[in-house]
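Chain by chain, the residues:
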Amino acid sequence: MKNVLMMNTQEEPEIEIQDVVEEVIENVKLWSLVVFNDDVNTFDHVIDTLVDVCDHAPEQAEQCAWIIHLKGKCGVKNGDYEDLVAKRNEICRRGISAEVMMK
């Protein structure tokens, strides 16, 4: 019995590039404001804080509060580092644990 080596002679498929997307890295929001769960603050306090500090709609703030409660933390806002640090400081001033983290 002979060993036969078969080669694939199919041509490479042609690939057509339809759109090239370029995004300036300076415009990418690399930072996230993360709020952590605790056993001290009420849902209402967290919701009110997110509405006041992060400009969330009440429904959005409530959803974030549930995620914080169930998962232990939630990224509540993305943005520029300096802007998020100011928001983090205000959230912490209100007794809620938060950090600015790279996404």
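(A) Fine view of the overall build of the chain. On a plain count of helices and strands, the chain comes out with 3 helices and 3 strands. Helices and strands in the chain line up, N terminus first, as β-α-α-β-α-β. Relative to its full complement of 103 residues, the chain shows a buried share of 24%. Taking the intrachain contacts of the chain between residues at least 6 apart in sequence as the baseline, contacts between residues at least 24 apart amount to 69%.

(B) Examining the packing of helix H1 (residues 43-54) against helix H2 (residues 58-71) more closely. Relative to each other, H1 and H2 sit at 130°, their axes nearing to 9 Å. Taken together, the axes of H1 and H2 are oblique relative to one another. Our pair here, H1 against H2, has a crossing hand that is right-handed. Across the interface between the two elements, Phe43, Val46, Ile47, Leu50 and Val51 from H1 touch Pro58, Ala61, Glu62, Cys64, Ala65, Trp66, Ile68 and His69 from H2. Its residues placed into classes, the contact of H1 with H2 shows 11 nonpolar, 1 polar and 1 charged.

(C) Here's a closer look at the nonpolar core. One finds Leu33, Val35, Leu50, Cys54, Val76 and Ile91 to be the most contacted residues of the largest nonpolar core, which totals 18 residues. Of all elements in the fold, only strand S1 (31-36), H1, H2, strand S2 (73-79), helix H3 (81-93) and strand S3 (98-102) reach the threshold of two or more residues within this core. No other element matches the 5 residues that H1 contributes to this core. When residues no more than four places from it in sequence are discounted, the contact partners of leucine 50 are Val35, Asp55, His56, Ala61, Cys64 and Val76.

(D) Local environment of the sheet that holds S2. Sheet architecture is open: 3 strands sit in the order S2-S1-S3, paired in antiparallel fashion. Of all strands in the sheet, those bounded by a partner on one side alone are S2 and S3. Taking the axes of each pair of neighbouring strands and ignoring which way they run, one obtains an average angle of 30° across the sheet. As paired strands, S1 and S2 are joined by 6 bridges and run antiparallel to one another. Of the residues in S2, the one forming a bridge with leucine 33 is lysine 77. Together, S1 and S2 form the strand contacts of H2, whose direction differs from that of S2 by roughly 135°.

What counts and what doesn't
- Residues numbered from 1 in each chain as written.
- Predicted model: local features only at pLDDT ≥ 70, side-chain atom pairs only at ≥ 80, totals over all residues.
- Heavy atoms only, no water.
- Helix = DSSP H or I, 4+ residues; strand = E, 2+ residues; numbered from the N terminus.
- Buried < 20%, exposed > 50% of the residue type's maximum accessible area, 1.4 Å probe, protein only.
- Contact = heavy atoms within 4.5 Å.
- Axes fitted to C-alpha atoms, helices over the stretch in contact; angles between N-to-C directions.
- Parallel < 35°, antiparallel > 145°, perpendicular 65-115°, else oblique.
- Left-handed = near helix turned anticlockwise from the far one by under 90°.
- Nonpolar A, V, L, I, M, F, W, Y, C, P; charged D, E, K, R; others polar.
- Core = buried A, V, L, I, M, F, W, Y, C linked by side-chain atoms within 4.5 Å.
- Pairing = 2+ DSSP bridges.

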